[in-house]
Amino acid sequence: MQSSQSSNSPRENKNTLRERLYHPAAVWIVRILIGAVFILSGFVKGIDPWGSFIKINEYFTVWGWDIPRSLVTCAAFALGAFEFIWGMLLLLGCYRRASVWLLSLIMAVMLPLTLYIAIWSPVDDCGCFGDFLILSNTATFIKNLFISAGLLYLIIYNTRVQGLFFPYVQWIVGGLVTLYILVIEFYGYNIQPMIDFRQYAIGTSLMPEDSDDDADDNDEVGTVYEYTYSKDGEERTFTIDALPDSTWTFVDRHLVSGGVMNTDGFTVLEDGEDITADVIDSEAEQFLVTIPDIKYIDPSYTYLINELNDIITARGGSLVALINSDEEGLEWWKDISMASYPIYQSEPKMLKELARGNAALIYLDKGTVMWKRTLSSIGYTFLSETHPDSVIRELDPETEYMLKLVSTPFVIILLSLLALDRSGKLLAWHLKRRNRYKAVTDKTSAP
């Protein structure tokens, strides 16, 4: 009687509970769910490294940290790549111990961070899924609780279940996944994101809804906004003609008087008035040059912009520059650029939404966004060597096509590796079974 009771020791009961919780199918389900979340999170960050840069910089600004832009850029690249690579390896069952521990390490940072955000709300959203999916701060924390619980489960059981690839193939898979996300990141940083999840995506019209309705102009012209900026924890409101210097951080824009003339939030202002309908050409081609922060603009771009202005005006179109700066900065730009094109003040948040980069070029056809790219991606010799009639077509980066061009070989190679690996495992199983059968046959036929 005592022996039967002693057999049910706490240690044995604990081991029995562990065995009950373990099942290969459950391990695979948790792998797929958590891996998919990290893949999605890393992909949307990687495809838009400028967006990750802006969000990380927003955190540092809230905390009062003055971090060099180069380090913030490296952090934006590293975070997206890390989540995508190890999320993919977890889902495929590669590096079963390292993938779980490394993802658990990042959750050890993200879980308390999102708890802090959920309680204090220092930022509007955490930026976990970029502009693709915006969750509330509370929902983000709850999501991270479930992810952390799943990773704890995998810490115990993940090594018990084999992955899709032989161990000696895992480094090839890891290298392929790393190369894929880095190509996407560098393209998104130097040209534009291959997929645009923002409100001014390709095909969006920037024309105000009622711009063609002259009969309804009563009191709609004269829209005036106030702008909220923050510095050292203090927030102040400014008018368009009295914006603060660059040490202040833009927070929000508020309508003071007049009507909002377009539904997508795109506005061009002059002396506090919405003049979007007068600036955006609804009948011809147009270039928009966006400069979200004049502090970081390369003065050598002035030649490039003037060349683009000559090209578009020769085609019967126009070029407009939208710059985030005070009056002094605008005068400086006009002076060094010798601009023959109109220049307007615009809020930084809208400019960063419109196009990524320190300076970008957007091509409009009758007010509709057709393509966009950074000015740094346009070579100075390109404009002089390309025929004016084909410049517009040649400048189109065709971002969605580039995503297909990069993703198709990645998927094909990954599936080919999987097929070869499966064939190798099947052949190994067949040889092992044949050798076992031969050994039994030799034993039974021995005298």
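Residues numbered from 1 in each chain as written. Predicted model: local features only at pLDDT ≥ 70, side-chain atom pairs only at ≥ 80, totals over all residues. Heavy atoms only, no water.

*Asks:* If you had to explain the pairing of strand β6 (residues 285-291) to someone new, which residues and values would you point to?
*Replies:* Successive residues of a regular strand alternate their side chains across the two faces of the sheet. Of all seven residues that make up β6, seven are buried, and the element is covered over most of its length. Burial along β6 is two-sided: the residues E285, F287, V289 and I291 and Q286, L288 and T290 are all buried. Bridge analysis of β6 against strand β9 (residues 360-365) gives six bridges, and the strand direction is antiparallel. Bridge assignment links L288 to a residue of β9, and that residue is I362. (Buried < 20%, exposed > 50% of the residue type's maximum accessible area, 1.4 Å probe, protein only. Helix = DSSP H or I, 4+ residues; strand = E, 2+ residues; numbered from the N terminus. Pairing = 2+ DSSP bridges.)

*Asks:* Could you give an account of the pairing of β9, naming the residues involved and the relevant values?
*Replies:* Counting buried positions along β9 gives five out of six residues, so the element sits mostly inside the fold. As defined by bridge partners, β9 adjoins strand β10 (residues 368-374) across six bridges and the pair is classed as antiparallel. Bridge pairing in β10 places Y363 opposite W371.

*Asks:* Mind laying out helix α11 (residues 327-337), listing which residues take part and the relevant values?
*Replies:* Every buried residue belonging to α11 is among G329, L330, W333 and S337, and all of these are buried. Taken down its axis, α11 places every buried residue within 100 degrees of arc, on the same side. When the buried face of α11 is taken as reference, the exposed residues oriented beyond 90 degrees from it are E328 and D335. Immediately beyond the C-terminal end of α11, within one or two residues, lies M338, with a positive phi of roughly 50 degrees. (Arc of directions from axis to C-beta.)

*Asks:* If you had to explain the state of the cysteines to someone new, which residues and values would you point to?
*Replies:* Considering all chains together, one arrives at one disulfide under this definition. The side chain of C126 participates in a disulfide bridge whose partner is C128; the two sulfur atoms lie 2.3 Å from each other. On the basis of relative accessibility, which here comes to 10%, the residue C126 falls in the buried class. (Disulfide = S-S within 2.5 Å.)

*Asks:* An account of unusual backbone geometry is needed here, citing residue identities and associated values.
*Replies:* Unlike most non-glycine residues, Y95 shows phi in positive territory, near 45 degrees. With relative accessibility at 30%, the residue Y95 sits in the partly exposed group. The residue K366 is not glycine, and still its phi comes out positive at about 55 degrees. Tracing the backbone shows K366 in the loop between β9 and β10.

*Asks:* Which residues make up a nonpolar patch on the surface, and what values do they have?
*Replies:* Together, L40, F132 and L133 make up a nonpolar patch on the protein surface, roughly 240 Å² of accessible area in all. By secondary structure assignment, the location of L133 is in the loop between α6 (96-120) and α7 (137-157). On the basis of relative accessibility, which here comes to 38%, the residue L133 falls in the partly exposed class. (Patch = residues over 30% accessible without salt bridge, like charges linked within 9 Å, V, L, I, M, F, W, Y side chains within 5 Å. Areas by Shrake-Rupley, 256 points an atom, 1.4 Å probe, with all protein chains shown as cover. Salt bridge = Lys/Arg side-chain N within 4 Å of Asp/Glu carboxyl O.)

*Asks:* So, the packing of aromatic side chains: which residues are in play, and what are the values?
*Replies:* A complete count under the given rule lists 21 aromatic pairs for this structure. Aromatic side chains W86 and Y95 sit 6.1 Å apart centroid to centroid with 70 degrees between the ring planes, which places their arrangement in the edge-to-face category. Looking at W86, the relative accessible area reads 17%, which means it is buried. Between Y180 and F410 the ring centres are 4.2 Å apart and the planes differ by 15 degrees, which places this aromatic pair in the stacked class. Taken together, the residues Y180 in helix α8 (residues 170-190) and F410 in helix α15 (residues 399-445) connect sequence positions 230 residues apart. (Phe/Tyr/Trp six-rings, centres within 6.5 Å; stacked < 30°, edge-to-face > 60°.)

*Asks:* Which residues make up the environment of R356, and what are the values?
*Replies:* Residue placement: R356 occurs in the loop between α12 (348-354) and β9. For the pair R356 and D48, spaced 308 residues apart in the sequence, the C-alpha separation amounts to 8.5 Å. With residues up to four places along the chain from it excluded, the contact list for R356 reads D48, W50, G51, I54, D131, Q192, P193, R198 and T374. Only 3.2 Å separates the side chain of R356 from the side chain of D131, close enough to count as a polar contact. (Contact = heavy atoms within 4.5 Å. Polar contact = N/O pair within 3.5 Å; in protein donor to acceptor, adjacent residues only side chain to side chain.)

*Asks:* Requested: an account of the nonpolar core, with residues and values cited.
*Replies:* Core analysis: the biggest nonpolar cluster contains 43 residues, and I34, F84, L154, F165, V173, Y180 and I184 have the highest contact counts within it. At the level of secondary structure, the elements contributing two or more residues to this core comprise α3 (24-47), α5 (69-92), α6, α7, α8 and α15. Sequence-distant contacts of L154, that is, excluding residues within four places in its chain, are made with V27, V30, R31, I34, L90 and V100. (Core = buried A, V, L, I, M, F, W, Y, C linked by side-chain atoms within 4.5 Å.)

Everything listed here is a matter of coordinates, which is why it stays silent on function.
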